[in-house]
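Coordinate inspection notes
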Amino acid sequence: MADLPPLREVIARHGLFATKALGQNFLFDAQLLDRIAAVPGDLQGKAVLEVGPGPGGLTRALLKAGARVTAIEMDKRCLPALAELGEAFPGRLQVIDGDALKLDHCEVMGGEPFAVLSNLPYNVGTALFVRWLSGESWPPQWTSLTLMFQQEVAQRIVAAPDSSAYGRLAVLAQWRSAATMAMKVHRSAFTPPPKVMSAIVHVTPATMPDGVSARVLERLTEAAFGQRRKMLRQSLKGVSGAVEALARLGIDDTRRAETVSVDEFVALARDLTRAD
Ligand code: SAM
């Protein structure tokens, strides 16, 4: 590996000032970036998908950890800087000039299993997260997701029932995956610093409960949390058969959505999947 110039120098040389419209808040602290790259475990020889490499801070850390990186970046200004980085790690960095929301990630990764690591652009982060977690086919081709979010969103992903953060994102992330808060990242670590604190969430796929359709579960949580202050017998009225399923499963229909555990949502979805 050749000696790499400091990131700030790369940014100055290529004129990569951060653009708000692209959700750009860059990380420069090499130690912090190494810690993020270590969250999924040993990456030696592994395929990694990175969304939004920007000037390549996290990309460097991933390459140093021995990963083979495919990076999708839609800001063309970053491409020459990333090409330079690729030259320092021959054959280990493929950069795709495009919008990650419009690409088929499994196709991009050529059908092999891959870990996802990303300091996600906040504006597209949740959309990509929902997409990675909502496929009907399980286990997915990705082996883990290690993603930066606003801390408030990270808390919603790992939330337990009976908390105000618990909702659709928590059920989506936890019904067939394990989701943990891997580390908090202070806003001052970014250039420019965003208004809010950030956190890294780590998700690994778990076994999918038998007989449950992701689509049915999604319909249930959408209705239940869409009117989270209402009793289930009211909020689930629009989901055909759901109120009857509550009775069959012995779930009190005067409860509110945020008291219903992930397992109870899964049991309800299983009951309705049979009838679907
Ligand atoms: N990974 C870098 C770091 O940690 O310093 C940059 C992080 S910055 C928060 C987000 C990056 O994602 C930017 O470089 C931005 O151009 C890129 N980006 C934004 N939307 C994107 C999209 N839809 N597809 C691919 N890249 C995107």
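That block above? That's the structure.
Residues numbered from 1 in each chain as written. Predicted model: local features only at pLDDT ≥ 70, side-chain atom pairs only at ≥ 80, totals over all residues. Heavy atoms only, no water.

Let's talk about the site of the ligand
Selection rule: We call a residue near a molecule or strand when any one of its heavy atoms sits within 4 Å of it. We define a polar contact as two N or O atoms separated by no more than 3.5 Å, with the added condition that, inside protein, one atom must be a possible hydrogen donor and the other a possible acceptor, whereas residues neighbouring each other in sequence contribute only through side-chain atom pairs. Computed by Shrake-Rupley with a 1.4 Å probe, the accessible areas treat only the displayed protein chains as cover when residues are assessed. Using a grid of 1 Å spacing that covers the protein atoms alone, one calls a set of points a cavity when a 1.4 Å probe fits there but cannot get out, and a pocket when the set is open and has protein on both sides within 12 Å along at least five of seven lines; lining residues are those with an atom within 4 Å of a point. Each molecule is assigned to a cavity or pocket provided more than half of its atoms lie within 2 Å of the corresponding grid points. Three categories are distinguished: nonpolar for Ala, Val, Leu, Ile, Met, Phe, Trp, Tyr, Cys and Pro, charged for Asp, Glu, Lys and Arg, and polar for the others, with Gly belonging to the last.
In the vicinity of the ligand, 20 residues are found, and the nearest of them are Leu27, Gly52, Glu73, Asp99 and Asn119. One of the side-chain N or O atoms of Gln24 is found 3.0 Å from an oxygen atom in the ligand. Taking 600 Å² as the accessible area of the ligand by itself, protein coverage stands at 98%. Taken atom by atom, the bulk of the ligand overlaps the largest pocket. Residues belonging to the shell around the ligand are distributed by class as follows: 9 nonpolar, 7 polar and 4 charged.

Considerations on the sheet that holds strand β2 (residues 47–51)
We count it as follows: DSSP-based pairing: two strands are paired if at least 2 bridges between them are found. Numbered from the N terminus, helices here are DSSP runs of H or I no shorter than four residues, and strands are runs of E no shorter than two. Only C-alpha atoms enter the line fits that serve as axes; for helices the fit covers just the stretch in contact. Angles between N-to-C directions range over 0 to 180 degrees. In this analysis, two residues are considered to be in contact whenever any of their non-hydrogen atoms come within 4.5 Å of each other.
Spatially, β4-β3-β2-β5-β6-β9-β7 is the arrangement adopted by the 7 strands of the open sheet, whose pairing is mixed. Across the chains shown, the open sheet's two edge strands, defined by having one partner strand only, are β4 (93–97) and β7 (177–185). Shown here is a sheet whose adjacent strand axes are inclined to one another by a mean of 20 degrees, direction ignored. Inspection of the sheet shows strand β5 (residues 114–118) paired to strand β6 (residues 142–150) by 5 bridges, in the parallel sense. When the sheet's bridge partners are listed, Val116 is paired in β6 with Leu145. Here helix α2 (residues 30–38) sits on the sheet in contact with β5, β6, β7 and β9 (198–205), set at roughly 170 degrees to β7.

Concerning the packing of helix α1 (residues 7–14) against helix α4 (residues 79–88)
As a reminder, the rule being used: Put simply, angles under 35 degrees are roughly parallel, angles over 145 are roughly antiparallel, angles from 65 to 115 are roughly perpendicular, and the rest are oblique. Each crossing is labelled by how the near helix is turned from the far one, with a counterclockwise turn of less than a right angle marking it left-handed and a clockwise turn marking it right-handed.
Two elements in contact, α1 and α4, have axes whose closest approach is 9 Å; the angle formed by their N-to-C orientations is 135 degrees. As summarised for this structure, α1 and α4 are arranged oblique, according to the angle between their axes. For the pair α1 and α4, the sense of crossing is right-handed. Between α1, through Val10, Arg13 and His14, and α4, the contact on the second element is made entirely by Pro80, Ala81 and Glu84. Grouping the amino acids of the contact of α1 with α4 by side-chain chemistry returns 3 nonpolar, 1 polar and 2 charged.

Topic: the environment of Gln227
Heads up, the condition is: The buried label applies to any residue whose accessible area, calculated with a 1.4 Å probe on protein chains only, is under 20% of its type's maximum; exposed applies above 50%, and partly exposed to all values in between.
Residue placement: Gln227 occurs in the loop between α9 (214–226) and α10 (232–235). By relative accessible area, which is 30% here, Gln227 ends up partly exposed. Distance from Gln227 to Asp162, taken between C-alpha atoms, is 15 Å for residues 65 residues apart in sequence.

Quick look at the nonpolar core
To keep things clear, this is the line we draw: Take the buried residues of types Ala, Val, Leu, Ile, Met, Phe, Trp, Tyr and Cys, join any two whose side-chain atoms come within 4.5 Å, and each joined set is a nonpolar core.
Among the nonpolar cores identified, the biggest contains 34 residues, and Ile36 and Leu62 are the most heavily contacted of them. Listing elements by their share of this core, those giving two or more residues are α1, β1 (26–27), α2, α3 (57–64), β3 (68–73), α4, β5 and β7. Contact partners of Ile36, with chain neighbours within four places excluded, come to Leu27, Leu58, Leu117, Thr146, Met148, Met183 and Ile200. Counting residues in hydrophobic clusters, the runner-up holds 31 residues, among them Leu49, Ala154, Leu172 and Ala173.

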